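Geometric and topological summary
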Amino acid sequence: QVRLVESGGGLVQPGGSMRLSCAASGFTFSSYAMSWYRQAPGKERDMVAVISSGGTTNYADSVKGRFTISRDNRKNTVALQMNSLKPEDTAVYYCSVWLRGMRYWGEGTLVIVSS
């Protein structure tokens, strides 16, 4: 079964950094694009970053230049390095994969950017 488990969230001050990680299992990880999404209270869940199976990356404009997505196909993990964090980055962050006609989600990890 497909499993996505996020870790690394918590409380961080504005301007700080945080690294999220997602451990994937139940599918051939190296063959699929992996994504990070986030959802703030009362808002839609939106894409933050995507990395293709070949390592090509794409970012939402709101995080471009501050966030970096990466993957380790040997460890079946995808990471999101978040720098220069802003209060508006506060959200539950989800790891996701589009696989066999449907999108799979982790349970999410909460990131709070506040002083």
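The present account deals with the structure reproduced in this document. These numbers come from a predicted model, not from an experiment.

Points about the packing of aromatic side chains
- For the structure shown, the criterion picks out four aromatic pairs.
- A ring pair is formed by Phe 27 and Phe 29, whose centres lie 6.3 Å apart and whose planes are at 45 degrees; its orientation type is tilted. Each member of the pair Phe 27 and Phe 29 is classed as buried.
- Relative to Trp 105, the ring of Tyr 94 has its centre 6.2 Å away and its plane inclined at 80 degrees; by these criteria the two rings are edge-to-face. Of the two residues, Tyr 94 is situated in strand E9 (residues 91-99) and Trp 105 in strand E10 (residues 102-105); the sequence distance between them amounts to 11 residues.
- According to the relative accessible area criterion, Tyr 94 is buried, its value standing at 11%.
- Through a chain of ring-to-ring contacts, the aromatic side chains of Phe 27, Phe 29 and Tyr 32 assemble into a single cluster.

Topic: the pairing of E9
- The buried fraction of E9 is high, at seven of nine residues.
- Relative to E9, strand E4 (residues 34-39) runs antiparallel, the two sharing six bridges. Opposite Trp 36, over in E9, you have Cys 95 as the bridge partner.
- The sheet contact formed by E9 and strand E11 (residues 109-113) spans three bridges and is antiparallel. Paired with Tyr 93 across the bridge in E11 is Thr 109.
- The pairing of E9 with E10 spans four bridges and is classified as antiparallel. Of the residues in E10, the one forming a bridge with Leu 99 is Met 102.
- Here E9 folds back onto E10 in antiparallel fashion, the turn holding two residues, of which Arg 100 has a positive phi close to 55 degrees.

Overview of the pattern of salt bridges
- The tally for this structure, following the rule as stated, stands at three salt bridges.
- Salt-bridge contacts for Asp 89 lead to Arg 38; the nearest nitrogen and oxygen are separated by 2.9 Å. Here the residue Asp 89 occupies a position in the loop between strand E8 (77-82) and E9, and Arg 38 occupies one in strand E4, the gap between them amounting to 51 residues. Taken individually, Asp 89 and Arg 38 each receive the classification buried, so the pair is uniform in this respect.
- Taking the shortest distance from any N to any O, the salt bridge between Lys 64 and Asp 61 comes out at 2.9 Å.
- Beyond isolated ion pairs, a larger network of salt bridges with shared partners links Arg 38, Arg 66 and Asp 89.

How each quantity is defined
Residues numbered from 1 in each chain as written. Predicted model: local features only at pLDDT ≥ 70, side-chain atom pairs only at ≥ 80, totals over all residues. Heavy atoms only, no water. Phe/Tyr/Trp six-rings, centres within 6.5 Å; stacked < 30°, edge-to-face > 60°. Buried < 20%, exposed > 50% of the residue type's maximum accessible area, 1.4 Å probe, protein only. Helix = DSSP H or I, 4+ residues; strand = E, 2+ residues; numbered from the N terminus. Pairing = 2+ DSSP bridges. Salt bridge = Lys/Arg side-chain N within 4 Å of Asp/Glu carboxyl O.

Keep in mind these numbers describe shape, not what the thing actually does.
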